[in-house]
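Chain and residue survey
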Amino acid sequence: MANHGQSEGVEVEAAFHAVRAAAREGDVAALERLLGVGKRRTRSTSAASDLESMRHSAMLVAADGWGRTALMLAAYKGCTEAMRLLLYHPSADAAAMLVAADGEGMSAAMFAAQNGHADAMRLLLNHPSADAAAMLIFANNDGRSALGWAALGGHMDAMRVLLNHPSVDAAAMMMHANNRGSTAVEYAARNGHVEVMRLLLDHPSADAAAMMVHATSSGGTALLSAAEYGHAEAVRLLLDHSSADPASMMMHTNNFGSTALTYAAQEGHAEVMRLLLDHPSADVAAMMMHATSTCGNALMYAAQDGHVDAMRLLRLPTQQRWWRSAVRLVEHSQRLQVFAAGQPV
């Protein structure tokens, strides 16, 4: 009896796995076979019919070791026909399936948004059992919502589906921050998704000024992220936006005292540095001489990592002492590199 029960359990788990695999691959024919779709009805007892329905219901919600269901896996791949079959199956508890989350708090809608599957997003949000408003503000364990995932990946069509849905509070959704304080526009700035940034900042419900000055828990802003990662067009969009206060934004410091110029210099992003230094609102001397709490000013950060082109942009005739210190720092760094390579210094 024990062996029979164990064998039956293995068979059930195998069936659960097969449903998830078919959903992930968008294999509608396999799903129909596994879930009895189109199967010719035979005369059976009510008890047998109920048992089959319960088995199918269990297949639809069974999760793998990461907590991911067949619907989540289909949404991740954008397999809309598989998703439709799962959601509209007679044994489906669609409302529960739509809000289910895996071990990291990711729902089917988040997986679809993460990978830019706009049609999958529409299918989920427009299902008769969907609480779209709740799905749109739902966040994973990191505090990131579907809009945050779409913005991070630069998925314009998915963004439009989310922002234009009739159940959405677009203003609240755009200002939603994750556990570290990052919003959708900061995600987009970090990855240089300029069109996504423009879509957010120019949305009729956007408080663009608030979005641009919003700071994360470490004091970072969209401008600091764009500058750090060298996204010149993102920097240009932020500084030239009609709602921007560029002078204030360029002098903003994070919790470590770093400005946009500091980050650009540290990473050697000369084009970004030119945009900042040549901007009509720039207080160039103040920006150049601003010092962080750890390493000094932008010039010293550039020198520390040997970014000579960046250093040249930061040379002030009135600050030769800083320039000489920066040059010595570069020379010292180069000697260390030669030494590390096993060459005579």
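Residues numbered from 1 in each chain as written. Predicted model: local features only at pLDDT ≥ 70, side-chain atom pairs only at ≥ 80, totals over all residues. Heavy atoms only, no water.

A word on the overall build of the chain. The number of helices and strands found in the chain is 24 helices and zero strands. Across the 345 residues that make up the chain, the buried fraction comes to 45%. A sequence separation of at least 24 residues applies to 68% of the contacts in the chain between residues at least 6 apart. Put simply, the chain shows about 16,700 Å² of open surface, and 52% of that area lies on carbon and sulfur atoms. (Helix = DSSP H or I, 4+ residues; strand = E, 2+ residues; numbered from the N terminus. Buried < 20%, exposed > 50% of the residue type's maximum accessible area, 1.4 Å probe, protein only. Contact = heavy atoms within 4.5 Å. Areas by Shrake-Rupley, 256 points an atom, 1.4 Å probe, with all protein chains shown as cover.)

Now for the environment of Arg 274. Here Arg 274 lies in helix H20 (residues 270-277). Once the C-alpha coordinates of Arg 274 and Ala 264 are considered, the two residues, ten residues apart in sequence, prove to be 9.8 Å apart.

In this structure, Leu 86, Leu 124, Leu 200 and Leu 314 are the most contacted members of the largest nonpolar core, which totals 106 residues. Contact partners of Leu 86, with chain neighbours within four places excluded, come to Ala 23, Leu 31, Leu 35, Leu 60, Ala 70, Leu 71, Ala 74, Ala 92 and Met 97. (Core = buried A, V, L, I, M, F, W, Y, C linked by side-chain atoms within 4.5 Å.)

Turning next to helix H14 (residues 194-201). Residues spaced three or four apart along an α-helix point in a common direction, a consequence of the helix completing one turn every 3.6 residues. Counting buried residues along H14, six of its eight residues qualify, which places the element largely inside the surrounding structure. Within the span of H14, buried status applies to Val 194, Val 196, Met 197, Leu 199, Leu 200 and Leu 201. Structurally, H14 contributes buried residues whose contacts are with helix H10 (146-153), helix H11 (156-163), helix H12 (170-175), helix H13 (184-190), helix H15 (208-213) and helix H17 (232-240).

Attention now goes to the pattern of salt bridges. For the coordinates displayed, the defined rule picks out twelve salt bridges. Linked through salt bridges whose partners overlap, the residues forming this network are Asp 142, Arg 144 and Arg 180. (Salt bridge = Lys/Arg side-chain N within 4 Å of Asp/Glu carboxyl O.)

Where H10 meets H11, the axes come as close as 8 Å, and the angle between the chain directions of the two elements is 155°. Relative to H11, the element H10 lies roughly antiparallel. As H10 runs across H11, the sense of the crossing is left-handed. Contact residues: H10 offers Ala 146, Leu 147, Ala 150 and Ala 151, while H11 offers Ala 158, Met 159, Leu 162 and Leu 163. (Axes fitted to C-alpha atoms, helices over the stretch in contact; angles between N-to-C directions. Parallel < 35°, antiparallel > 145°, perpendicular 65-115°, else oblique. Left-handed = near helix turned anticlockwise from the far one by under 90°.)

On to empty space enclosed by the protein, then. If you walk through the whole model with that rule in mind, you get two cavities of 30 Å³ or more. The volume enclosed by the second largest cavity comes to roughly 50 Å³. Lining the second largest cavity are 13 residues, and of these Ser 145, Gly 148, His 176, Ala 184 and Tyr 187 sit closest to its centre. Elements with a contribution of two residues or more to the lining of the second largest cavity: H10 and H13. Residue composition of the lining of the second largest cavity, by class: five nonpolar, seven polar and one charged. (1 Å grid on protein atoms, 1.4 Å probe; cavity = no way out; pocket = protein on both sides within 12 Å on 5 of 7 lines; lining within 4 Å. Points joined across faces, edges and corners; volume = space filled by probe spheres on them. Nonpolar A, V, L, I, M, F, W, Y, C, P; charged D, E, K, R; others polar.)

A word on the packing of aromatic side chains. Counted according to the given criterion, the structure contains one aromatic pair. Consider the rings of Tyr 76 and Phe 111, whose centres lie 5.8 Å apart with planes at 75°: the pair is edge-to-face. Placement of Tyr 76 in helix H4 (residues 70-77) and of Phe 111 in helix H7 (residues 108-114) is noted, with a sequence separation of 35 residues between them. Given a relative accessible area of 38%, Tyr 76 falls into the partly exposed group. The class for Phe 111 is buried, based on a relative accessible area of 4%. (Phe/Tyr/Trp six-rings, centres within 6.5 Å; stacked < 30°, edge-to-face > 60°.)

Let us look at the layout of surface pockets. Approximately 290 Å³ is the volume attributed to the largest pocket. Along its surface, the largest pocket is lined by 17 residues, and Glu 186, Thr 216, Ser 218, Ser 225 and Glu 228 are the ones closest to its centre. If you list the elements that add at least two residues to the lining of the largest pocket, you get H13 and helix H16 (222-228). With three residues, H16 is the largest single contributor of residues to the lining of the largest pocket. Residues belonging to the lining of the largest pocket are distributed by class as follows: four nonpolar, eight polar and five charged.

As for its placement among the helices and strands, Ser 167 is situated in the loop between H11 and H12. Look at Ser 167 and you get partly exposed, because its relative accessible area is 36%. It is 8.8 Å that separates the C-alpha atoms of Ser 167 and Asp 131, two residues lying 36 residues apart in sequence. Beyond its immediate stretch of four places on either side in the chain, Ser 167 contacts Ala 132, Ala 133 and Leu 136.

Turning to H4, a few remarks are in order. Judged by how many residues are buried, H4 sits mostly within the fold: six of eight residues are covered. Regarding H4, the residues found buried are Ala 70, Leu 71, Met 72, Leu 73, Ala 74 and Ala 75. At the exit of H4 stands Gly 78, carrying a positive phi of roughly 75°.

A separate point is the confidence of the model for the chain. Low-pLDDT stretches of the model should not have their predicted coordinates read in fine detail. Summary statistics for the chain give a mean pLDDT of 88 and a share of 84% for residues scoring 70 or more. Contacts of residues 335-345 to residues separated by more than four positions or lying in other chains number four contacts, the stretch itself having pLDDT below 50. (pLDDT = per-residue confidence, 0-100.)

Attention shifts here to the packing of H14 against H17. One way to put it is that H14 packs onto H17 with a least axis distance of 9 Å and a crossing angle of 20°. The angle between the axes of H14 and H17 places the two elements in the roughly parallel class. Taken as a pair, H14 and H17 cross one another with a handedness that is right-handed. Two secondary-structure elements touch here, H14 through Val 194, Met 197, Arg 198 and Leu 201 and H17 through Glu 233, Ala 234, Leu 237 and Leu 238. Each residue belonging to the contact of H14 with H17 can be placed in one class, and the counts come to six nonpolar, no polar and two charged.

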